[in-house]
Amino acid sequence: MSITDAGTDASTEAVALTKRDFTSDQEVRWCPGCGDYAILAAVQAVIPEFERKPQDVVFVSGIGCSSRFPYYMNTYGFHTIHGRAPAIATGLAVSRPDLDVWVVTGDGDALSIGGNHLIHALRRNVDLTILMFNNQIYGLTKGQYSPTSEAGKVTKSTPFGSVDHPFNPVSVALGAEATFVARTLDVDRPHLTEVLRRAHAHRGTSFVEIYQNCNIFNDNAFLTITSKDTKEDFQIRLQHGEPIRFGPEGSRGVRMGAGGNCEIVSVDDVGVDALLVHDEYAENPGLAFALSRLAHGPSSPTPLGIFREVSRPAYGEGITAQIEQATAAKGPGDLDALLRSADTWTIS
Amino acid sequence: MSITDAGTDASTEAVALTKRDFTSDQEVRWCPGCGDYAILAAVQAVIPEFERKPQDVVFVSGIGCSSRFPYYMNTYGFHTIHGRAPAIATGLAVSRPDLDVWVVTGDGDALSIGGNHLIHALRRNVDLTILMFNNQIYGLTKGQYSPTSEAGKVTKSTPFGSVDHPFNPVSVALGAEATFVARTLDVDRPHLTEVLRRAHAHRGTSFVEIYQNCNIFNDNAFLTITSKDTKEDFQIRLQHGEPIRFGPEGSRGVRMGAGGNCEIVSVDDVGVDALLVHDEYAENPGLAFALSRLAHGPSSPTPLGIFREVSRPAYGEGITAQIEQATAAKGPGDLDALLRSADTWTIS
Amino acid sequence: MTTTETHTAKTVNELDRVVIRFAGDSGDGMQLAGDRFTDATAAFGNDLATLPDYPAEIRAPAGTIAGVSGFQIHFSDHDIMTPGDAPDVLVAMNPAALKSNLSDLPVGGTVIVNEDAFTERNLEKVGYATNPLDDQSLDAFTVFRLQITSMTMRAVEGVDIGKKDAERTKNMFALGLMCWMYGRPLAGTEEWLTTKFAKKPAILEANLKALKAGWNFGETAELFASSYVIRPQAAEPGTYRNISGNTATAYGLIAASKLSGLPLFLGSYPITPASDVLHELSKHKNFGVRTFQAEDEIAAVGAALGAAFGGSLGVTTTSGPGVALKGETISLAVSVELPLLIINVQRGGPSTGLPTKTEQSDLLQALYGRHGESPVPIVAAYSPSHCFTAALEAARIATKYRTPVFLLTDGYVANGTEPWRLPSEADLPDLRVAFADGFNHSKADGTPEFWPFLRDPETLARPWAVPGTPDLMHRIGGIEKSDGSGNISYDPANHQRMCELRAAKVAGISRDIPLLDVDDPSDDADLLVLGWGSSWGPIRAAVRRARQGGAKVAQAHFTYLNPFPANTGDVVRRYDKILVPEMNLGQLVKVLRSEFLVDARGLNKVQGRPFTAAEIAEKIQETTT
Amino acid sequence: MTTTETHTAKTVNELDRVVIRFAGDSGDGMQLAGDRFTDATAAFGNDLATLPDYPAEIRAPAGTIAGVSGFQIHFSDHDIMTPGDAPDVLVAMNPAALKSNLSDLPVGGTVIVNEDAFTERNLEKVGYATNPLDDQSLDAFTVFRLQITSMTMRAVEGVDIGKKDAERTKNMFALGLMCWMYGRPLAGTEEWLTTKFAKKPAILEANLKALKAGWNFGETAELFASSYVIRPQAAEPGTYRNISGNTATAYGLIAASKLSGLPLFLGSYPITPASDVLHELSKHKNFGVRTFQAEDEIAAVGAALGAAFGGSLGVTTTSGPGVALKGETISLAVSVELPLLIINVQRGGPSTGLPTKTEQSDLLQALYGRHGESPVPIVAAYSPSHCFTAALEAARIATKYRTPVFLLTDGYVANGTEPWRLPSEADLPDLRVAFADGFNHSKADGTPEFWPFLRDPETLARPWAVPGTPDLMHRIGGIEKSDGSGNISYDPANHQRMCELRAAKVAGISRDIPLLDVDDPSDDADLLVLGWGSSWGPIRAAVRRARQGGAKVAQAHFTYLNPFPANTGDVVRRYDKILVPEMNLGQLVKVLRSEFLVDARGLNKVQGRPFTAAEIAEKIQETTT
Ligand SMILES: Cc1ncc(C[n+]2csc(CCOP(=O)(O)OP(=O)(O)O)c2C)c(N)n1
Ligand SMILES: Cc1ncc(C[n+]2csc(CCOP(=O)(O)OP(=O)(O)O)c2C)c(N)n1
Ligand code: SF4
Ligand code: SF4
Ligand SMILES: [Mg+2]
Ligand SMILES: [Mg+2]
């Protein structure tokens, strides 16, 4: 059987798949209360909608609590090494455009050791759906600060507080030419589900930052934006084509300042017409970037949703096209001819 | 002699230094006509102004044609390995805040293999002056495309044209929380010199992209913005506090669009007051990012100058401060006391 | 059963050594109970060795085998080398703990179980069809079924805490009971609890009550006929503390920094089981320690090398997968000849392997895991406290010879603990380093100049001229350099000379390290048992045991693995048979065979856990008879 | 001197072998002249071997020693193994070329110099105080002083090109002259030039004129008393071409892909001297080849492994520093047991070392450069054309045994060329691979399931089930896996079993590779010369030479270095003395000593250039007498 046959077994008739079809028999081993459970449940619940058979789906991960994810999916899975999942998945996606390839990673895995592979995958627009579980901590190694931890964080490796200024993952992705960038929350199942749908539908690299609570080493990191009391004030939910409003009865909004940076205003003061209308599809990432700068970490009103979705050929398509063109032009490779493509001489 | 004594030898009296003091005895070995010569000359000419003695200056580089730079400076120098200069320089700068540490790197060195170290140095704001010679090619390895090469580039490794979408180095740096970001040109000595002055004066990481011509493997890559005929139309020279204008008699300008992206306009059409006034010091990087998106590669009007300079504590300062605080609080380390800091018992 | 109020006069039996294993769910606080018992034991003056053993998952599901966390302590009235092969007493807080540990218990051993946890649900989770407390499974052991949970709950009744918190104090009950049984005073633990829960008085009260209740239960229950006493060991006079290998490594580095006068710079990326060295060092900033949690292992070693270029004691700590990433930078350090310490706290490989378990399988990587001819000296620690000395030695070699040095420890010594007779700073070696401070060469015309690769004829070390030093400005790099001047050189003969000089420099260190010490009391042994690193404990214990059984066996142990001590050839050629126990598939043995052409044979265990003395003793037996 | 118009009848002498070295400034086009001469020689049917030698700088300053570029060709009427120890004829286009190459020329050798380039300025640049053409320095040689530049300029006069372009054709003049001297026809070169400069007719014309002028000059000048003829070799019948090692490697990979039915995926990051494999492969997309220039070496090998997981033939090409970065990923490949080719075109180390020069110093890195017990098979190519076969073999082993495999070549075979008798696809081995396509195990209740680590009992290979295959969904990873099911397992005994199984799988390959072939014509040699990789040529030549001198010497050469061929122990134990020439400080010799306890000794050269046959022959002489 050749690999191109693999995905096309006609015997699998079109029976609707369910969550159960995507659930492996492995016992889930995160700490009780971990936000990873909710994300797993959401993925397992939504993935049947995508009408890909389990055998055509692959989850690739690095190392971290989050990277245990593939074991729990009844698909193909590859739990690789720390930080390298985007690179490994690139090879898979480029060589097997017929597959549906996902990457599950953590804030340390993706942005610390794996930063370079992530930004290059984004720049190339490899056809991957990347879910980054951001708990702002190293979970698996028991609680050191991560590149998304807030400055001053006291952890095992920073008993006097970290002196690092953190990354804003959405800004990093936009600076790296990402074509799809979104942010969502472990605890908001509908929002998470919708973002997953959109991310999966996007061709090229989709980068999804999922705020995820690590109740053991960084509990309540996202409390302001998740708790009933404060979430209205702290969640700025982006909706394409709509003026950006939030707060009780949409009383607050976002305006584009003259200097190219977004500012939060009172709608009563400025009027709805002054508000910025969100445009997911803006070719220029300026708007998305400006939105990403509204909050550095979840301690101020934080945009959630899809920052940007634009279309650019996926990397693998370009490679496949060159193969097709070369084959059309030269015919399929003839080994004997290749070896004899230089000056030859014959001794008889 | 302890390392803290090293920099403070009183015998070096305050004689004004000259270019010659910073020129090593090593023969310069770039191809004739290479843009690197001009950058070397500019650095050697301006550095005496900074009133640092040669012994207090260190150039650290990776691997590449550009990375040969340290050999030609009569300072301390470390020609390291491919992509790792920012990491190695971080250790040096953090442990020796008394030194003036520079990094010289190429587009491949900094953005391909070294991308992760670069973005983390920027995020941390380590006190480094990083000069990235961008020739949009791998020079030393004889001409493969780099992460800044334009899409479709035909090189030895991409005979059918590359299918990679390139990075915009200024956007990458801004997405990575850089505090100082500038772009300049090998062939414009005054502009280059002024940018070097500003970069050196900045505390924290200064990131300078220098367009550099590789006349062997990527000749004339920057021709539109350097040639007499076209440069007026293609150079957008950023000046703090000034409306952004360019073109013959400043006939064109840059306006901030409603969607947060910069657009090029005719000044006659919109009037000077509608133009964007450049603000290097804007705390929010939105403006700088929007400007960076005006051009993707030098084939359209390209902003040159200082995109952003903001102040944030340098990483090393934070580390030093913690040492000072701990020492003030606990006194200088007492080894015997440390060993005995747990329960002890005595056998006699 | 229930506590009885009857006060019985209990017998006290004297023992010379005991091994206890606490085992329970990750949430049961077994590591804490073990630590406290260890401290009490240390303070009492017994020699001891410990072995914590925790699951790879952060929090495996409660009650499962994967979630079992164990802590073993071996203590005695004489010096001991291992945490013990098999426990004499197993404290099992739930069915999973019983199931996964029972096979280690020798026939006749004692099991103390928390009967309350043997619910149907818990039994099912681990696949017990019937309750092992009720069938014949435990017939070979002395079993004590205690309702530890209920007794604890009763003890803390009335304290103002939630049910969950109350239940969590059951580890203190177990600890109290064991302290009673082996005569460990409670005072130290009480003090410790008081400090720890100073701000949570209710929790404190509950813990103290549970602890006391455990003790009292032992004292009063008719269940236990006797308690035991293990006399303090007759150790060398001095002040002692209990210490783990990772802490000893951190202290050794701080000491090396003080003694050398070089500020300490640690570049590290967290990884099990090495992270604790980073954690420990980051606490001691008042020693001028700079710790840098890098973005990855390459940046970590790079920053350490950059700091070394600047005159710091540059150190990087990691485990095997991290070393695999650092090879290119270590090769640069070899080429530029700068001091650098690479500390590998080895764990189970290949790849992610068994990340929380121990192994000695990175020796060949340390020797050869780089491109080109790239020799690096290697020092290995053989016990928790020896990590201190080994770190000092590694730093001494690195700074004196201007070379990267590997310090190999492993999960076993890193997390294990033992009593350590504390040295005084005054007794520690002088490690001061002289930086270059002037010209060392003249041009043809007599102008003085600085040659960064003009070597010390004795050590072959090059001068270390740190930035900031007037006149000595120079450039170094990874391209081959001219012998002496250090300028880039593609000259063929020079390259050969430089490769040979770098090799000779490292080989020459053999003149500067102690000879290999052979313990051969009968002086006519045929068999030499030769090891390195953490297998020292079980090897020592096994050799002692074998000798007691009448075997003639010699023993020697490497702290220095590259170069070997100068007398190694003489030593190994003196014995007919050489047995090399290693926690790998045979790495040192390969090097010995190659270097000395002796038919050394391996005893190899790759199970994520240390040898037991019995395993080695058996092999000795087999080899000597 | 000037050309004369006198037409003299020239003698033709017959030679059996000649070594010519073209040397000049990087800008002088010596590589091109060498390449063309080689092609003409190949077409003529001589056996040949070439050695290009270019500077590390892209463009070192004109006229300097650092800027000298050389190309040596050895051709003969019989089979030869090396590009020749010393040139018979040196063509030196400027003083720097003369100075840096003269020491290699034996007394009596011929020097052809371009007198025009011996200007005061050029002499000064390389530190000649007086013109060596005018003092006694060249007395020991036969010197021809030709005004190559001026003659070229005159030849191309009237062609419509600039002065610089005109001057640049002087390499064609030199080539034309040498072709005349050794009777190489010009037709091939003329054809090649015509294609190359199809769009630049003026340049074409100038080049053709210069070429012809050179030939004519030889023909007519009274300077050269004779020309030489080297008859075609009596080689095996077949179709031949000239090929470099890097091209042969690329072709071998394409062939392996076709023969196995697995699409080829190359993940690579450019690095000298490996980049040309990437360049070559990226041309052949019509073979379905996917080339991925990654952001770094880690991504390159990662992507190749990802592609292998998907069912491609995953390959990564690099040199030593790149391998140093790939160790962690290779260790993952060992653990997940997926096929992967890692091709190391070795260069001078450590660190950046001598990046454009050759060395064999990464053998121990290939064997041991990873953490944990991480065995990887190793194949090494011994000549340029052998790279093709070696690549096929590496691919066969990787896919059959589901393991990463190292293919070691080096700068010498990679850039060197030799004639290659072309195989036909039909004669190449069948490398077809069977993916898993169904269940292979049953649960206790009889439900069928797929066990990704249930091994083939013969090869110990695990099934390769690629994504897209129905029913076989499974997860793999770097944590230790349960033998069979492949589920994560921390079980101690399982870990030992898996480590041993992985080792046994690799060791078992020895049953599947040819025995070590020993060439011992007298059958009573005492000395065995044993080598690996590219030192084959000089070893063969040296052994032949030694035998001609009467020495009894046996010779064998490893293509497979892990595992060794099954008979290796027998072979090495059969000889009293074993000599192992290596371009390193002794790596294979270490392994042989360890494995077989034989006192093998090294002959070690680490100079960035291959052994000469004389160096090895001398050592053989010394050892056999
Ligand atoms: C090469 C390597 N370095 C370090 C580690 C140790 N390590 C494992 S996971 C991890 C970080 C985990 O953090 P994150 O990616 O945020 O995932 P989380 O556990 O928080 O989900 C580290 C440092 C490793 N396994 N491999
Ligand atoms: C680990 C490693 N990988 C690859 C190389 C080969 N290499 C050297 S420089 C270089 C790229 C040079 O490009 P750039 O950084 O843009 O510098 P330039 O030469 O253009 O100035 C590469 C791929 C190397 N020396 N080391
Ligand atoms: S440590 Fe944190 S992230 Fe990891 S499983 Fe536990 S709660 Fe989740
Ligand atoms: S190859 Fe290009 S970048 Fe390198 S020295 Fe030559 S001109 Fe400059
Ligand atoms: Mg995390
Ligand atoms: Mg470049």
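Here the structure is a predicted model, which means the values were calculated and not measured.

**Student:** Mind laying out the overall build of chain C, listing which residues take part and the relevant values?
**Tutor:** The number of helices and strands found in chain C is 20 helices and 25 strands. What you see for chain C is a C-alpha radius of gyration of 27 Å, in line with the 25 Å of a compact globule of 625 residues. C-alpha extents for chain C along the principal axes are approximately 100 × 60 × 45 Å. Residues counted as buried form 68% of the 625 residues belonging to chain C. A fraction of 76% describes how many contacts in chain C between residues 6 or more apart in sequence connect residues 24 or more apart.

**Student:** An account of the coordination of the magnesium ion (ligand 6) is requested, with residue identities and associated values reported.
**Tutor:** Residues and elements named next belong to chain B. At this site the magnesium ion (ligand 6) is bound by D107 (OD), N135 (OD1) and I137 (O), with donor distances of 2.0 to 2.2 Å. Of note, the magnesium ion (ligand 6) draws all its donor residues from one chain, in the sequence arrangement D-x27-N-x1-I. On the criterion of sequence distance, the pair formed by D107 in helix 4 (residues 107–113) and N135 in the loop between strand 4 (129–134) and helix 6 (169–175) is long-range, its members being 28 residues apart. Among the residues examined, D107 registers a relative accessible area of 2% and is labelled buried.

**Student:** Account for the interface of chain D and chain C, naming residues and giving values.
**Tutor:** Facing the 60 residues of chain D at the interface are 60 residues of chain C. Summing the contributions of chain D and of chain C, the shared interface buries around 5,100 Å²; its carbon and sulfur component is 62%. For the interface between chain D and chain C, the tally reads 0 salt bridges. For the pair chain D and chain C, the number of links is 30 residue pairs in polar contact (both at pLDDT 80 or more). Mapped onto the side of chain D that touches chain C, the elements with two or more residues apiece are helix 12 (320–336), helix 13 (363–368), helix 16 (492–507) and helix 19 (588–596) of chain D. Per-element accounting of the side of chain D that touches chain C gives the leading share, 10 residues, to helix 12 of chain D. Its residues assigned to classes, the side of chain D that touches chain C shows 20 nonpolar, 25 polar and 15 charged.

**Student:** Give me the lowdown on the sheet that holds strand 5 (residues 180–185) of chain A, citing residues and values where you can.
**Tutor:** Spatially, 9 strands are ordered 7(A)-11(A)-5(A)-6(A)-4(A)-3(A)-1(A)-2(A)-19(D) in an open sheet, and the strand pairing comes out mixed. Among the strands making up the open sheet, the edge pair consists of strand 7 (235–237) of chain A together with strand 19 (475–477) of chain D. Geometrically, the sheet is characterised by an average inter-axis angle of 20° between neighbouring strands, direction not taken into account. Both strand 5 of chain A and strand 6 (residues 206–211) of chain A contribute to a ladder of 6 bridges, which runs parallel.

**Student:** Account for the interface of chain A and chain D, naming residues and giving values.
**Tutor:** On the chain D side, the residues contacting the 65 residues of chain A number 77 residues. At the boundary of chain A with chain D, total buried surface from both sides reaches about 5,900 Å², with 62% on carbon and sulfur atoms. At the boundary of chain A and chain D, one finds 1 salt bridge. The salt bridge involving A:R124 is made with D:E295; its shortest N-O contact spans 2.8 Å. Where chain A touches chain D, the interface holds 28 residue pairs in polar contact (both at pLDDT 80 or more).

**Student:** So what's going on with the packing of helix 1 (residues 30–44) of chain C against helix 6 (residues 170–181) of chain C? Which residues, and what values?
**Tutor:** Residue and element names in this part refer to chain C. One can describe the packing of helix 1 onto helix 6 by two numbers: an axis separation of 9 Å at closest approach and a directional angle of 30°. In terms of their interaxial angle, helix 1 and helix 6 are classed as roughly parallel. Two packed elements cross with a definite hand, and for helix 1 against helix 6 that hand is right-handed. Where helix 1 approaches helix 6, its residues M30, L32, A33, R36 and F37 are matched on the opposing element by N171, M172, L175, M178 and C179. Its residues assigned to classes, the contact of helix 1 with helix 6 shows 8 nonpolar, 1 polar and 1 charged.

**Student:** Residue-level account of the coordination of the magnesium ion (ligand 5), with values.
**Tutor:** All names here are of chain A. Protein-derived ligands of the magnesium ion (ligand 5) are D107 (OD), N135 (OD1) and I137 (O), with the metal-ligand distances lying across 2.0 to 2.2 Å. Every donor residue of the magnesium ion (ligand 5) comes from the same chain, spaced as D-x27-N-x1-I. With relative accessibility at 6%, the residue N135 sits in the buried group.

**Student:** An account of the relation of the copies chain D and chain C is requested, with residue identities and associated values reported.
**Tutor:** You can overlay chain D on chain C at an RMSD of 0.1 Å; the transform is a turn of 180° with a shift of 0.0 Å along its axis. The transformation just described matches what one would write down for a two-fold rotation axis. In this assembly the copies share their binding face: 100% of the residues contributing to the interface of chain D also contribute to that of chain C.

**Student:** Pulling in residues and values, what's your account of unusual backbone geometry?
**Tutor:** Here the bond from C:G349 into C:P350 is cis, since omega is -5°, no more than 30 degrees from zero. Located in the positive-phi region is A:N125, a residue other than glycine, with phi close to 65°. In this structure, A:N125 sits in the loop between helix 5 (115–124) and strand 4 (129–134). Within the chain, B:N220 stands out as a residue other than glycine whose phi angle is a positive 65°. Here B:N220 is to be found in the loop between strand 6 (206–211) and helix 8 (223–226). For B:N220, a relative accessible area of 42% translates into the label partly exposed.

**Student:** An account of the site of ligand 4 is requested, with residue identities and associated values reported.
**Tutor:** B:C31, B:C34, B:C65, B:C214 and B:N215 are the nearest of the 11 residues found near ligand 4. Among the residues making up the shell around ligand 4, the classes are represented as 8 nonpolar, 3 polar and no charged.

**Student:** Any details on the site of ligand 3? Residues and values, ideally.
**Tutor:** Lining the immediate environment of ligand 3, one finds 11 residues, of which A:C31, A:C34, A:C65, A:C214 and A:N215 sit closest. Near ligand 3, residues from chains A and C are present, making the site a shared one. In terms of residue class, the shell around ligand 3 is built from 8 nonpolar, 3 polar and no charged.

Criteria and thresholds
Residues numbered from 1 in each chain as written. Chains lettered and ligands numbered in written order. Predicted model: local features only at pLDDT ≥ 70, side-chain atom pairs only at ≥ 80, totals over all residues. Heavy atoms only, no water. Helix = DSSP H or I, 4+ residues; strand = E, 2+ residues; numbered from the N terminus. Rg over C-alpha atoms; globule rule 2.2 N^0.38 Å. Buried < 20%, exposed > 50% of the residue type's maximum accessible area, 1.4 Å probe, protein only. Contact = heavy atoms within 4.5 Å. Donors = N, O, S within 2.8 Å, 3.2 Å for Na, K, Ca; no water. Buried area = accessible area lost by both parts, 1.4 Å probe. Salt bridge = Lys/Arg side-chain N within 4 Å of Asp/Glu carboxyl O. Polar contact = N/O pair within 3.5 Å; in protein donor to acceptor, adjacent residues only side chain to side chain. Nonpolar A, V, L, I, M, F, W, Y, C, P; charged D, E, K, R; others polar. Pairing = 2+ DSSP bridges. Axes fitted to C-alpha atoms, helices over the stretch in contact; angles between N-to-C directions. Parallel < 35°, antiparallel > 145°, perpendicular 65-115°, else oblique. Left-handed = near helix turned anticlockwise from the far one by under 90°. Least-squares fit on C-alpha atoms with pLDDT ≥ 70 in both. Near = heavy atom within 4 Å.

Keep in mind these numbers describe shape, not what the thing actually does.
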